[in-house]
Amino acid sequence: MSPEPLLRVDRLVKRFGGFRALDGVSFHLVPGEVLGLVGPNGSGKTTCINVISGLYGRDGGSVTFRGRDIAGSRAHMLARRGINRTFQSPRPFLSLTVRENVEIAAWNGRGDGTKADLDGLLEQLDLHRHAGRAAGDLNSAQQKTLDLARALATAPKLLLVDELAAGLNPAELTRMAERLRELARGGMALLVVEHLMGFIDHVTDRVIVMNAGREIFEGKLGEATRDPEVIRVFLGTAHAR
Amino acid sequence: MLLHAALSGLVFGFYFTLVGLGLNLVFGVMRIVNLAHGDFLMLGAYSAFWLFGLYHLHPLLSAACVLVVFTLVGLPLYYLVVPRLLAARDSEMLSLILFFGLQQMIEAVTSIAFGTTERSIPGRVLGSGPVRLLGQALPTSWVFSAGVSLAAVALVYVYLYQTRLGMLTRAVMVSREEAVATGIDLHRVCAIAFGLGLGLAGIAGVFAPFMLGSVTPAIGPEINIAAFAVIVVGTLGNPLGTVLGGIVYGVSLMLMQTYLSSWANLLPNLLLIAVLLVRPTGLLGRRVRRA
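Residues numbered from 1 in each chain as written. Chains lettered and ligands numbered in written order. Predicted model: local features only at pLDDT ≥ 70, side-chain atom pairs only at ≥ 80, totals over all residues.

Residue and element names in this part refer to chain A. Strand order in the open sheet formed by 6 strands is β6-β7-β8-β3-β9-β10, with mixed pairing between adjacent strands. Whereas interior strands pair on both sides, the edge strands pair on one side only; in this sheet they are β6 (83-85) and β10 (214-219). Taken over all neighbouring pairs, the strand axes of this sheet differ in orientation by 20° on average, direction set aside. As defined by bridge partners, strand β3 (residues 34-38) adjoins strand β8 (residues 189-193) across 4 bridges and the pair is classed as parallel. If you follow Leu37 over to β8, its bridge partner there is Val193. The sheet strands contacting helix α9 (residues 228-235) are β9 (206-211) and β10, and the helix crosses β10 at an angle near 125°. (Pairing = 2+ DSSP bridges. Helix = DSSP H or I, 4+ residues; strand = E, 2+ residues; numbered from the N terminus. Axes fitted to C-alpha atoms, helices over the stretch in contact; angles between N-to-C directions. Contact = placed C-beta atoms within 7 Å.)

As structure tokens, this is what we get:
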């Protein structure tokens, strides 16, 4: 018997004026699973994460987390309930130190935020050497890692990962993919938005391909690459059979 | 004469730091402009006037009362007004319009309730005789007011840099979106900062009769211009940069009053124009604007 879904998204709709950024998206996610959201720019991937994480309200459908409808819950409340996210362009608290950035998250999330926990987290993500530095002094890869550390310090059960791999070099990509797999092995569910297919292939258990606010495919990434609709969306009509 | 002007300017600078501090704290945290700031200062002055007139309450005690009461008044006022502004696309512009309306209302109601007569409190209440500093004699009430101002700045420093709530406040100053995603209750942090901003304006008001001579219900806009000059010079959005802005403003004001007295009233506008043209990020620059 498959485990009870941690997150259930059902016919989710989000409009910006007359534009339907999400047009009835449905999927679910179980603990320990890594689900990839892929699709061309403007297909609604980040909007989906923004709605689930409470940054945007929704215009239709439902989002259920651990059996409870979380519609209308503000982002800070969701962080405390166990949903957190990373940002495509991380904006850490630049003038605060790396440790302070993570401490703040730990105070406000579900984590205990004990010194040992935070030290462990910083060490696990190779940030311990920079703990006393201002976040503004880190390079972009380190700021992305800090963004992940900030999210993890809240002890989420569901982590929404928005283009974490963009801008990382191959060695950093491999390390980041391993980290995400390790989190999933620990029981955390991850929803990963990413354009790098190699990274998605390495990290995810299954993917949802989106186009124009709708899901057009759900399954293994390998199967998606043979799906005519997916090929049409990514490569154009000439390539689809 | 130059030394006296410089010392007086320093004392006034500390006071004007307090005048601008609350406005800058509110802007730094919420990115909204409280145009009613000067009127809350005026209400603080009226509170001190009546508390002294009715109960002979020492201004220092009045300042403590005003800090508590104004901060508490700020909390519901925040929830009534500001969350809607923050949700708007152009919250800075909307805040100008909304708080301009509030400013007009406060001024009108105060004028109707208490009249437009100038109100003052005798300077001797804060101590008689001058204080001698580097051989120069300064009124005790000025030095006392400057001391309270410095204590208020220290209070804000401790709040921002030594408390957990202060760290959350600094986090909100850097990035509202990231702060929310981190789990920070944005409105709780903003409401406290807004209340504290009004409380600081109230304390500045308590000492306004001593530093400005007298107050009327119409003093708000004039105070606002001075406060804007102070915080723009000292870097908009950086509460502690206000200290530098206050000192520059105070010393310039006293030098102008000493050597070019008929031009002194132009100073706030001149400073504003000069800084916006030459260094629009303020004297401390963009780096510290990130809090």
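All names here are of chain A. Strand direction decides the pairing type here: strand β1 (residues 7-16) and strand β2 (residues 19-29), joined by 8 bridges, are antiparallel. Bridge pairing links Phe16 to Phe19 in β2. Linking β1 to β2, which pair antiparallel, is a turn of 2 residues; within it Gly17 sits at a positive phi near 65°. Inspection of the sheet shows β1 paired to strand β4 (residues 60-65) by 5 bridges, in the antiparallel sense. Among the inter-strand pairings, Arg8 is bridged to a residue of β4, identified as Thr64.

Attention now moves to the confidence of the model for chain A. Do not read the predicted coordinates in detail wherever pLDDT is low. In the predicted model, chain A carries a mean pLDDT of 89, and 95% of its residues have values of at least 70. Ranking the elements of chain A by mean pLDDT puts α9 of chain A last, at 82, and β8 of chain A first, at 96. (pLDDT = per-residue confidence, 0-100.)

All names here are of chain A. Annotation of chain A at the domain level lists domain 1 (7-82 + 156-239) and domain 2 (94-154). If you average the C-alpha positions of domain 1 and of domain 2, the two centres end up 24 Å apart. Considering each element in turn, the side of domain 1 that touches domain 2 owes the most residues, 3 residues, to helix α2 (residues 75-81). Considering only residue class, the side of domain 1 that touches domain 2 consists of 5 nonpolar, 3 polar and 2 charged. (Domains from an automatic or database assignment. Nonpolar A, V, L, I, M, F, W, Y, C, P; charged D, E, K, R; others polar.)

Take the environment of Ser120 of chain B next. Residue and element names in this part refer to chain B. Its place among the elements puts Ser120 in the loop between α4 (91-114) and β1 (130-133). Spatially, the C-alpha atoms of Ser120 and Ala48 are 9.4 Å apart, while their sequence positions differ by 72 residues. When residues no more than four places from it in sequence are discounted, the contact partners of Ser120 are Pro209, Gly213 and Ser214.

Now for the nonpolar core. Formed by 165 residues in total, the largest nonpolar core has its most connected members in Leu190 of chain A together with Tyr15, Val19, Val172, Cys190 and Ile203 of chain B. For this core, the element with the highest residue contribution is helix α1 (residues 2-30) of chain B, accounting for 15 residues. Aside from chain neighbours lying at most four places away, what touches Val19 of chain B is Leu41, Ala204, Ile223, Ala226, Ala227 and Val230 of chain B. (Core = buried A, V, L, I, M, F, W, Y, C linked by C-beta atoms within 7 Å. Buried ≥ 20, exposed ≤ 12 C-beta atoms within 10 Å, placed from the backbone.)

Attention now moves to the sheet that holds strand β5 (residues 68-69) of chain A. Here we have 4 strands laid out as an open sheet, ordered β2-β1-β4-β5 (chain A), and antiparallel in their pairing. The sheet is open, and its two edges are formed by β2 and β5 of chain A, each paired on a single side.

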